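Geometric and topological summary
Spelled out from the first residue to the last, the chains are:
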Amino acid sequence: MAHSAARVSAGRVAGRTAAFTRSLLGALLRAGRMSEPGELRARAAAVLDALEVRLEVRGGPLSVPGRTGTLVVANHVSWLDILALLAVEPVTMLAKREVGDWPVVGALARRAGTLFIDRGSLRGLPDTVSTVSGRLRAGRSVMAFPQGVTWCAGTGGRFRRAVFQAAIDAGAPVRPVTLEYVQHGVPTTVAAFVGDDDFGSSLRRVLGAGVLGVRVVIHEPLPTLPGADDRRSLAIRAQDAVGGAEKSLHI
């Protein structure tokens, strides 16, 4: 994963910065309408366009037609993941509490009705599962990152099982999604937001990145079978779908 393309010129970075600032101000000015799906999708796409991050979508949509919503699960690489997925389809996000404090993404996430959770609190886990299950039963699709933390690239890290219990309780399908960042069609870590990285440093890398794109690969849904599935087996099936796609992209 050592590949990295040459940075763009200082003038190009300045242009992206100005466009990014305009798109952010536009989102803030439309704050009252950010919960509307069409508005949210347009604003997320506008931020990606300002950063000149090309969005490539394979498959879709995220939500599976039916009486319930869909539990959408994906690997987690960057703060850009949220923008990319909202630009595909505005679904309710399930995110760690810290995301709400991130510049730009945090503001969009809060206005989009994101469900924030404390990943370090086991005591609050049953309430989170119940809340997600309720949203799914009401026909709302929910997006989660079951790895719990970001990884620099690929699909490392096991999927945590708790959120899959919500899909089983609601009888809702699970939609696995694979996210990958590329430059010139080759995998890159330039968009990764991991470890001790801070938002400012990550944003500067993205602003200077040449020919950066995000691939969103939307897989076939996994039905939940009451009495046949448990959260462990469902998490494994979803992780296999996400990880298998990541490998096949480079064969």
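Let me sum up the structure you'll find in this document. The model shown is predicted, which means the values in this text are computed figures rather than measured ones. (Residues numbered from 1 in each chain as written. Predicted model: local features only at pLDDT ≥ 70, side-chain atom pairs only at ≥ 80, totals over all residues. Heavy atoms only, no water.)

A few words on the overall build of the chain. Along the chain, the regular secondary structure elements total eight helices and eight strands. Expressed as a percentage of the 251 residues in the chain, the buried residues total 52%. Of the roughly 11300 Å² of accessible surface on the chain, 54% is carried by carbon and sulfur atoms. (Helix = DSSP H or I, 4+ residues; strand = E, 2+ residues; numbered from the N terminus. Buried < 20%, exposed > 50% of the residue type's maximum accessible area, 1.4 Å probe, protein only. Areas by Shrake-Rupley, 256 points an atom, 1.4 Å probe, with all protein chains shown as cover.)

On to the pattern of salt bridges, then. Counting across every chain of the model gives eight salt bridges. Of the charged contacts in the structure, one is a salt bridge between arginine 12 and glutamate 52, with a shortest N-O distance of 2.7 Å. With a gap of 40 residues between them, arginine 12 in helix H1 (residues 10-29) and glutamate 52 in the loop between helix H2 (37-50) and strand S1 (54-58) connect regions that are remote in the sequence. What makes arginine 12 partly exposed here is its relative accessible area of 40%. Overall, glutamate 52 belongs to the partly exposed group, its relative accessible area being 33%. For glutamate 180, the salt bridge identified is with arginine 215, shortest N-O distance 3.1 Å. (Salt bridge = Lys/Arg side-chain N within 4 Å of Asp/Glu carboxyl O.)

Let's shift gears to the environment of proline 221. Here proline 221 is to be found in the loop between strand S8 (212-218) and helix H8 (231-248). Distance in space between the C-alpha atoms of proline 221 and alanine 238 is 9.1 Å, their sequence separation being 17 residues. In this structure proline 221 touches Val64, Val174, Arg175 and Pro176, once residues within four positions along its chain are discounted. (Contact = heavy atoms within 4.5 Å.)

Taken together, Arg158, Arg161, Arg231 and Arg232 make up a surface patch of like positive charges. Positionally, arginine 232 belongs in helix H8. Take arginine 232: its relative accessible area is 45%, and that puts it in the partly exposed class. (Patch = residues over 30% accessible without salt bridge, like charges linked within 9 Å, V, L, I, M, F, W, Y side chains within 5 Å. Lys, Arg positive; Asp, Glu negative; His and termini not counted. Charge placed at Lys NZ, Arg CZ, Asp CG, Glu CD.)

We now examine helix H6 (residues 162-170). Here H6 lies mainly inside the structure; seven of its nine residues are buried. Residues of H6 that are buried: Ala162, Val163, Phe164, Ala166, Ala167, Ile168 and Ala170. Following H6 by one or two positions, glycine 171 has its phi on the positive side, about 65°.

Moving on, we come to the packing of aromatic side chains. Taken as a whole and judged by the stated rule, the model has three aromatic pairs. Consider the rings of tryptophan 79 and phenylalanine 199, whose centres lie 4.8 Å apart with planes at 55°: the pair is tilted. With tryptophan 79 in the loop between strand S2 (71-74) and helix H3 (80-88) and phenylalanine 199 in helix H7 (residues 199-208), this residue pair connects regions lying 120 residues apart in the sequence. Each of the two residues, tryptophan 79 as well as phenylalanine 199, counts as buried. Consider the rings of phenylalanine 159 and phenylalanine 164, whose centres lie 6.4 Å apart with planes at 20°: the pair is stacked. Residue classification places phenylalanine 159 among the buried residues on the basis of a relative accessible area of 7%. The class for phenylalanine 164 is buried, based on a relative accessible area of 0%. Through a chain of ring-to-ring contacts, three or more aromatic side chains come together here, namely Trp79, Phe193 and Phe199. (Phe/Tyr/Trp six-rings, centres within 6.5 Å; stacked < 30°, edge-to-face > 60°.)

Along strand S3 (residues 92-96), four of the five residues are buried, which leaves the element largely enclosed by surrounding structure. Strand direction decides the pairing type here: S3 and strand S5 (residues 142-144), joined by two bridges, are parallel. Bridge pairing links threonine 92 to valine 142 in S5. Bridge analysis of S3 against strand S4 (residues 115-117) gives three bridges, and the strand direction is parallel. (Pairing = 2+ DSSP bridges.)

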